[in-house]
Every structure is written in structure tokens, then in C-alpha cells.
Amino acid sequence: MQSYIYPAREQWDNLLARPMMQLQELESRVQPILDEVREQGDKALRRFTARFDQVEIDAIQASEAEFREAERLVSEELKNAIRLAKDNITAFHQKQWEDFQPLETMAGVRCWRKSVPISRVGLYIPGGTAPLFSSILMLGIPALIAGCETIVLCTPPSKEGKVNPAMLFTAELLGIKQVCKVGGAQAVAAMAYGTESVPKVYKIFGPGNQYVTLAKQLVSRDSAAIDMPAGPSEVAVVADDTADPYFVAADLLSQAEHGIDSQVLLVSQSEAFVQSVETALEEQVKTLPREEIARKALANSKSIVLKNEDEVVSLINQYAPEHLILAVENDEALGERILNAGSVFLGHYTPESVGDYASGTNHTLPTNGYARAYSGVSLDSFLKKITFQKLSPSGLQALGPAVELMAEAEELAAHKLAVSVRLAKLKEA
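Residues numbered from 1 in each chain as written. Predicted model: local features only at pLDDT ≥ 70, side-chain atom pairs only at ≥ 80, totals over all residues. Heavy atoms only, no water.

### Observations regarding a nonpolar patch on the surface
Rules: Patch membership needs two things, relative accessible area over 30% and no salt bridge, and members are linked within 9 Å if like-charged or within 5 Å if nonpolar (Val, Leu, Ile, Met, Phe, Trp, Tyr). Note on areas: these come from Shrake-Rupley sampling with a 1.4 Å probe, and a residue is covered only by the protein chains present in the view. Definition used for salt bridges: Asp or Glu carboxyl oxygen within 4 Å of a side-chain nitrogen of Lys or Arg. To qualify as a helix, a DSSP run of H or I must reach at least 4 residues; to qualify as a strand, a run of E must reach at least 2; elements of each kind are numbered from the N terminus.
On the surface, a nonpolar cluster with roughly 380 Å² of combined accessible area is contributed by Tyr246, Phe247 and Tyr349. Here tyrosine 246 is to be found in helix H10 (residues 245-256).

Below, the structure written as C-alpha cells:
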């Protein structure tokens, strides 16, 4: 990691900068894929799958036989772990329903709103270097709780033209049967525009590489909504001398192994502690199957030593990390000062991994500093809020004159007239 000791505030912008995507070059590659899928449907999906995934697929949707095979291949131990995660995630997201009671804003004027599910949603689940079946739980569970009628899942096929068994088991556990063996930008296009095998959806969710991320942004211009802007995974760890450097090193590596463009950040007030973490990192990274990926991510990551807690809080709120671990003695008090973060992990025994899998919170979170304005995926992400209002005759008589004045001041005569004709009728009566 690149180390910085007491950097001046004027340096923070440069220190905290994320790797930039070359959008113009990427768009020149992604847009033609979107166009071809829109125009040619399944034919384009099969062609792109052969080109990018090196596999010829016949049936795009997973068959019942493939679901049954997956059931046999997944161990009982893993099945039970997935069920445990399902229970915790369901409990946490079920509690997110709001009970909004009608409100009388003034006599005779009632306003309320109700939550309505987005009827057709698409879930993109990466499956290339790591089959993220946990993301099926994170996206599928709130979609089911919300009551979404159509749930389409897309994930890249293996070289054998199949879906990872744990993915199929998890999808079936949730009752998701439309699992499509297609990945990349072409999968996003298929869900946005619809093909013979992939139903069109109204909103697309899920993480992905830079091509998937850009494809989501492009289709959001003219077709489907998306969950949030996203970029490479990231974690920031704030640690003091009460932290265990081996714990912290493992936390940093757990994010670094996601991909070479992942970013990890260590922030401390102790230079000696940072050095001990560096030593632990070198010991642990050698043991990882994804050592090469993790090392490349670490090379683009930073450790920063600051003078006091106020600086630490300011830097973290400026960075707005996707994941934030507070491995400090006063973790809850410090957590109350955090304004910008996707998800916060408090104390020495709360690794970011628990949120990734099974604590109950959602792991689909804003990256690239978007935590300044965006929340992570929740039940609300799968719902629309429709507002209602109803006025009694006396309510319109009380409110109407103010509306007439405001409409007249904005020079919108028909707006005023819609109120005036009713008031006149009431006056006659």
C-alpha cells in the first residue's frame, strides 16, 4: 500500500481519488452490444456469449433438470449456511415496511401514500471470477418481500454452458425460476429491451464489471431504471491501537481480492500500527488463491496516518466509502459522526464479510463516493410510492382561495379555473 503520514488537507482530494474509467472508449464498445441485442434478441445473446464467455448455449434459460442437478451438487453444509443467511436478510428487510397513516393537513384535506411494488425487475449476478450467489439473496429477498411479480436473473454461464450450482440452489430457494445464462453488457441489454427468452424489466439491479456498470447507465437513459451508479468495490478501515493488525489486514484483503481495480484504505492515528498491518498483509496475501489480484489492488490502495479523530472523521466523510470498518475502542460513538458511508461495521469482531453474506444488511451499496447521496439497496429500492389526496367540499373552500392566488401569480389561468369552478358550484349550493 502507498503510505501517507499527516498529509495536508489540500492533498486529500488527490489521495482519495478513485481510478477513473475511460468512458468514451468504453461506450464505443458497449453501445454496439446494446444495439445488437435490442435489434436481434436471442441471436445476439448467443453470439456475444460465444465471443466473451467462450461457450455455445442453446437454451438461454436454465432448465428444470439443471435446477435438480444443482440441488444434488450443493453440500448440505452450504445449503444450511445459505438458509441461515436467507433468514437473517429476510428478517432485516421485512422490518423496512413503513406504516404511513392518512394525515389531515388541514380540516377537510387528507393526504396519504402507499407503497407499490415495481412489477418487473431484473437481477444481474456476476459469475466470472467469483460466483456471487450471495447477491441473489441480497437482491431477490427484498424483491420478493416487496411483491415484484416478475423477477429475472441473469448470470454468465460457465465454460460448460451451466450456471454455478450454488446460484441455482439459491435462486430456487427464493422461488426465482427465470434464470438466464447470459452475462456482461448483453445481459443488461436483454433485461432492458427484452428478447425471445429474457423478459423486459422496468428496473435492473446488481453489481458488475465496468462494462456492466456502463451498460446499466446507458440503458437508464431510454429504457429501464437502475439501482444506483456503481464502480469497483472498496473498503475503508479506521483503526486505533486497540485493534488487532491481523484482523485489519484480513479485512483489507477481503476487499482487495474482489478485483484489481478494488480500492482499500487504512486510516489510523498510529504510524506504528500501520506498519504492523503492512507486515500482516504480506504474511496473509501469500496464502490467498487470488494473491495476484489482491496484490494489484493493494498497489493502488493507501494507508493514511492522521493527527486526531476530527481529521479522521472529516477524511472518511469526504471519501464516502462503500464499506467502512471502525476498528476502534469508541466504535459506536465514532459511528454517530459518520455521515457518508454505504454500510458501517462497528468494533473488532464485525468483519465486512458478515455484511457481505449473512448478518442481514444488504451488500449492494453505493461506491465511487456516491454514498454522499445514495443509500444501499433496501426494500424501498423495489417499491414505488404513490401519493393520494382527498378534499371534502369544506376542505376545498378552506384551501381553494390560496391555490387560486398562487396559480394566478404563476400566470396559470387553467389551474386557477379548476378550483374556481368548484368553489362557484359550492357557493350556489
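Picking up where we left off.
### A word on the pairing of strand E11 (residues 302-305)
Which entries qualify depends on this criterion: For each residue, the accessible area found with a 1.4 Å probe, counting protein chains only, is set against the maximum for its type, and the residue is called buried under 20%, exposed over 50%, and partly exposed in between. For two strands to be treated as a pair, DSSP must find no fewer than two bridges joining them.
Alternating residues of E11 divide into Lys302 and Ile304 and Ser303 and Val305, and every residue in both groups is buried. As defined by bridge partners, strand E1 (residues 2-5) adjoins E11 across 4 bridges and the pair is classed as parallel. Residue pairing across strands places isoleucine 5 opposite valine 305, the latter belonging to E11. Across 4 bridges, the pairing between strand E10 (residues 263-268) and E11 is parallel. Its bridge partner being in E11, leucine 265 is matched across the sheet by lysine 302.

### Things to note about the side chain of glutamate 311
Counted only if it meets this: Side-chain atoms alone can form a polar contact between residues adjacent in sequence; in general such a contact is a pair of N or O atoms within 3.5 Å, and within protein one must be able to donate a hydrogen while the other accepts it. Whether two residues are in contact is decided by their heavy atoms, any of which lying within 4.5 Å being enough.
Mapped onto the elements of the fold, glutamate 311 is located in helix H13 (residues 309-319). In this structure the side chain of glutamate 311 is engaged in a polar contact, spanning 3.1 Å, whose partner is the backbone nitrogen of lysine 307. Setting aside chain neighbours within four positions, we find glutamate 311 in contact with Arg9, Trp12 and Leu306.

### Re empty space enclosed by the protein
Formally: Using a grid of 1 Å spacing that covers the protein atoms alone, one calls a set of points a cavity when a 1.4 Å probe fits there but cannot get out, and a pocket when the set is open and has protein on both sides within 12 Å along at least five of seven lines; lining residues are those with an atom within 4 Å of a point. Grid points are joined across faces, edges and corners, and a volume is the space filled by probe spheres set on the points. Here the term charged refers only to Asp, Glu, Lys and Arg, the term nonpolar to Ala, Val, Leu, Ile, Met, Phe, Trp, Tyr, Cys and Pro, and the term polar to all other amino acids, Gly among them.
Going through the model one piece at a time under the given rule, you end up with 1 cavity of 30 Å³ or more. Computed from the structure, the largest cavity encloses a volume of approximately 30 Å³. Within the lining of the largest cavity, the residues separate by chemical class into 2 nonpolar, 2 polar and 3 charged.

### Things to note about the sheet that holds strand E6 (residues 178-181)
Taken in spatial order, the 5 strands of this open sheet run E6-E5-E4-E7-E8, and their pairing is parallel. Because the sheet does not close on itself, it has two edges, and the strands there are E6 and strand E8 (225-226). Summarising the sheet, strand E4 (residues 120-124) and strand E5 (residues 150-155) pair through 5 bridges and their orientation is parallel. Note on E5: the bridge partner recorded for arginine 120 is threonine 150.

### Quick look at the sheet that holds strand E2 (residues 103-106)
Note the following rule: The convention used is that axes are lines fitted to C-alpha atoms, helices contributing only their stretch in contact, and that angles between N-to-C directions extend from 0 to 180 degrees.
The sheet built from 3 strands is open, its strands ordered E2-E3-E14 with antiparallel pairing. With partners counted over all chains shown, the strands left at the sheet margins are E2 and strand E14 (383-391), one partner each. Pairs of neighbouring strands in the sheet enclose a mean axial angle of 30 degrees, with direction left out of account. Bridge analysis of E2 against strand E3 (residues 109-117) gives 3 bridges, and the strand direction is antiparallel. Directly across from methionine 106, in E3, lies its bridge partner valine 109. Sheet strands touched by helix H16 (residues 393-409): E2, E3 and E14. Its angle to E14, the strand with the most contacts, is close to 95 degrees.

Keep in mind these values describe shape, not function.
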